[in-house]
Amino acid sequence: MSTLARTLSIQSGNIPQALSVSNGLGADHLTTSRTLSNTASPLQIFVRAKKKINDIFADIESYSEESFYFLEELPKNLANKGTVEEIGTYVKKLQAIRYVLSRDHMKCVFFGRTSNGKSSVINAMLREKILPSGIGHTTNCFLQVEGSENGDSYLITEDSDEKQNVKSVAQLAHALCTEKIGCSALMRVVWPKDKCPLLRDDVVFVDSPGIDVSPNLDEWIDKHCVDADVFVLVANAESTLMLTEKNFFHKVSSRLSKPNIFILNNRWDASANEPEYLEEVKKQHLQRSVDFLVNELKVISSKEEAENRVFFVSAKEVLQARLNEQKKVPIHSGIAMTEGFFGRLHEFENFEKQFEECISRSAVRTKFDHHTSRGKLIVSNIRMCMENIRETSLKKSEELQGQKVELSRAIEETERQMLLVTKEAKNRIRNMVEEVEIKVSKALSEEIRRLSALVEEFSEPFDSNLLVLNEYKKKLHKHVDYGLVTSLRSRLTSAVSMNIDSARKEMAAQIVNILPDSKKSTVQLPLDNRPFEVNYPFRCDNLCADFKEDIEFKFSFGVLTVVHRLAGNKLGYFSRLRNQNVEASQSTAITPMTPVIQTQSLMGTEEWSVISKFALATVSSQGAVGGLVIGGFLMKTIGWRLILGFGVIYSGSYLYQWLTWTNKSKEKTFKKQYVQHVTRQLRLVVDLISSNCSHQVQQELSSTFARLGSFVDNASVDMQDLLREVEKDIEVYESISNEAKKLRNKANFINSELQQFEEMFLQAS
């Protein structure tokens with residue numbers, strides 16, 4: 001039989017039948033089993049909400065830490081120091097919130113005057129005689145009863161973490177008596193959760209001293225009431241609400257916004273002694289309580305709702321009945337079965353039901369509403385930060401993509417223009433090289449033609465002595481070298497230098513035009529004020545290495561001289577033919593200042609020398625016989641007078657030439673031979689020298705273009721390096737954008753979780 005049915009039976013006058021049912025244990029156990037079961041308890045709403053909000057805030061804390069570490073690694077242009085520090089403060093705040101949420105519980109504080117039965121009401125709700133109760137002032141401080149996770153029971157004082165064992169009410173009372181504590185102090189009584197369903201559902205009860213024993217009510221409120229979800233005013237049903245009780249709750253109402261207040265008119269069992277006034281007294285108490293809640297405190301808006309906050313109970317009866325049930329004896333054992341017992345029992349159960357619904361609804365709202373709003377604000381701020389970072393990184397990535405395209409085009413255009421400039425420079429260098437080669441060849445040929453005049457300008461004293469002659473030749477070599485070089489430079493240096501300088505400037509201008517604007521100002525053109533000078537690669541000492549002067553006296557009309565002269569004419573013809581062949585086969589390369597001169601190996605010179613020797617040997621080999629035969633023949637043909645005259649003239653000529661063969665004549669002969677030899681040698685190397693000079697020009701212009709081209713190469717390398725950096729930055733910004741997008745989406749998910757939590761628990765409450 002249900003409690004309501006038993007109550008109706010008692011109220012209808014069927015007391016014996018109800019008592020007969022209660023004599024057995026079965027019905028009582030059905031009633032109490034339903035009461036003890038918390039499967040459908042409203043308190044489970046808070047339990048589920050607490051678990052849910054803790055899971056959500058664990059995700060928020062992890063998300064904020066991930067966001068913080070992400071921001072720390074970002075470039076400063078994406079996340080400034082202030083933003084990172086702000087997210088860092090969120091991490092610390094979330095850690096504090098999680099700590100508070102993990103410790104959050106439903107808190108109910110009991111107030112009333114001394115001996116109104118506050119401790120008895122708590123004991124009855126906990127189904128255990130935990131707190132000291134009795135006649136007089138038994139509670140001298142605030143006692144907080146909370147659940148123990150490990151099944152131990154102990155007592156902790158306010159100023160100490162030491163756990164004091166509490167096995168019974170007597171020990172507890174003894175512990176309180178030995179402690180010298182103030183009435184505002186808090187002592188925590190930790191009791192196993194498995195013994196009390198309310199403790200298992202995270203309900204915490206706070207018992208208080210009588211509000212009529214201390215003037216420190218403001219301190220009590222500030223210290224113990226600001227976080228309470230429900231207040232229970234335990235009044236004495238044998239009296240009425242006192243001014244002390246009203247004043248206290250006026251103070252509570254001024255500190256808290258519409259506190260949840262229940263009024264228990266305890267010791268209602270005393271009304272059974274005066275059944276004729278029962279309804280009038282109950283109506284009077286109810287009216288005053290409702291008026292106090294609605295009109296004075298204004299914590300409840302309607303009279304109907306206020307009536308559901310006022311109950312008439314007997315905590316002592318309920319506690320004894322529940323202790324009997326635990327002992328498995330009839331619930332009325334040891335209780336004076338006064339009229340209305342089951343009605344008061346049902347009233348207490350109804351109070352518990354209303355209490356559970358109210359405290360669960362209130363606790364969910366007061367404990368989690370503010371944290372939910374803060375969580376949404378934090379997540380929204382982080383989401384906004386991630387969205388800003390994503391947009392900024394995407395914008396940066398787009399800008400870098402534009403730079404990448406521009407750099408790629410600039411590199412391609414630079415390479416294309418460099419190919420055109422290189423081709424044009426090669427053509428210019430080739431044309432200038434050919435021009436220089438022609439000019440040098442022409443100038444050198446002209447200098448060869450005036451070589452005799454240059455040699456005649458040499459005025460050092462001449463002597464046929466071998467040592468003196470060698471020194472003379474050395475000086476003559478230097479004189480000719482200097483004269484030729486000076487003359488060629490005067491003819492060619494100015495024109496060649498102007499052409500080269502012009503070519504340099506044109507190449508430099510073209511190179512500068514190729515370079516990016518940022519690189520043009522850094523280019524230092526490899527130009528100087530010194531005109532380019534061609535190095536003419538010939539030295540007379542090398543050219544005349546095989547020169548053998550012949551300054552011995554030779555009669556102009558001697559037999560050998562005449563033979564040599566005749567042989568020389570013939571030799572000249574063959575020598576010219578040979579020179580043409582040699583010139584055609586000469587190489588165009590020659591080492592500066594060390595020309596390789598090809599020595600004549602012509603057959604003509606050797607052959608004609610052999611012929612002259614053979615002729616002389618033939619004439620002289622006939623001896624006297626041949627001479628007599630020829631002389632006789634001539635005398636017979638011409639006559640001796642003519643022969644004698646010819647002999648005198650021949651002898652006179654010989655004597656004259658011999659007498660005039662002085663140093664001056666020797667010098668003249670030497671210079672003539674020297675000029676002839678140097679002329680022959682220079683003509684052999686004209687092409688080599690002109691090629692060498694043009695090669696110098698080519699090297700100068702090529703090296704100049706190479707130095708100028710290095711600026712383009714360096715600029716290309718710099719642009720390629722910059723392109724790689726841009727590509728790397730693009731990858732970084734794209735990675736940042738993707739990560740920021742993931743964090744933003746995670747924020748959306750967490751916000752949806754918080755929204756679901758609000759709809760499921762906060763709005764429903």
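We now turn to the structure provided with this report. Bear in mind the structure is a predicted one, so any value in this text is a computation, not a measurement.

Rules used throughout
- Residues numbered from 1 in each chain as written.
- Predicted model: local features only at pLDDT ≥ 70, side-chain atom pairs only at ≥ 80, totals over all residues.
- Heavy atoms only, no water.
- Buried < 20%, exposed > 50% of the residue type's maximum accessible area, 1.4 Å probe, protein only.
- Helix = DSSP H or I, 4+ residues; strand = E, 2+ residues; numbered from the N terminus.
- Arc of directions from axis to C-beta.
- Contact = heavy atoms within 4.5 Å.
- Pairing = 2+ DSSP bridges.
- Salt bridge = Lys/Arg side-chain N within 4 Å of Asp/Glu carboxyl O.
- Core = buried A, V, L, I, M, F, W, Y, C linked by side-chain atoms within 4.5 Å.

Because an α-helix packs 3.6 residues into every turn, residues spaced three or four apart end up facing the same way. Of the positions making up helix H9 (residues 217-225), those classed as buried are Leu217, Trp220, Ile221, His224 and Cys225. The buried side chains of H9 occupy one side of the element, clustering within an arc of 105° when seen end-on. Packed against the buried residues of H9 are strand S1 (106-111), strand S2 (142-148), strand S5 (186-192), strand S7 (230-236) and helix H10 (243-255).

By secondary structure assignment, the location of Asn308 is in the loop between helix H12 (303-307) and strand S9 (310-312). Asn308 sits in the partly exposed class, given a relative accessible area of 43%. Separated by 42 residues in sequence, Asn308 and Asn350 have C-alpha atoms that sit 9.3 Å apart. Beyond its immediate chain neighbours, meaning those up to four positions away, Asn308 contacts Phe262 and Gln354.

Looking now at the pairing of S5. With respect to burial, S5 is a largely interior element, six of its seven residues being buried. Pairing of S2 with S5 involves seven bridges; the strand directions are parallel. Each bridged residue has a counterpart across the sheet, and for Leu143 the counterpart in S5 is Met187. Sheet topology note: the strand S3 (residues 154-156)/S5 ladder contains three bridges and is antiparallel. Its bridge partner being in S5, Leu155 is matched across the sheet by Val189.

Following the criterion strictly, the structure yields 36 salt bridges and no others. When the shortest N-O distance is used, the salt bridge between Asp202 and Lys193 registers 3.5 Å. We note that Asp202, like Lys193, is buried. A salt bridge links Arg322 to Glu352; its shortest N-O distance comes to 2.7 Å. Placement of Arg322 in helix H13 (residues 315-326) and of Glu352 in helix H14 (residues 341-449) is noted, with a sequence separation of 30 residues between them. For the pair shown, Arg322 and Glu352 are each scored as buried. Each member of the salt-bridge network shares a partner with another, and the members are Lys50, Glu149, Lys193 and Asp202.

Along the chain, His224 turns up in helix H9. Here His224 is in contact with Lys107, Val109, Phe142, Ser184 and Leu186, once residues within four sequence places are set aside.

What follows concerns the environment of Glu437. When you line up the elements, Glu437 lands in helix H14. Residue classification places Glu437 among the partly exposed residues on the basis of a relative accessible area of 28%. With 257 residues separating them along the chain, Glu437 and Ser694 place their C-alpha atoms 5.1 Å apart. Residue contacts for Glu437: discarding those within four places in its chain leaves Ser690, Ser691 and Ser694.

A few words on the nonpolar core. Within the largest apolar cluster, 92 residues are counted, with the highest numbers of intra-cluster contacts made by Leu71 and Phe205. If you tally residues by element for this core, the top one is H14, at 20 residues. Apart from the residues lying within four places of it in its own chain, the contact partners of Leu71 are Ala79, Thr83, Val84, Ile87, Cys385, Met386 and Ile389. Formed by 58 residues, the second largest nonpolar core is a distinct cluster that contains Met418, Tyr472, Phe532 and Leu682.

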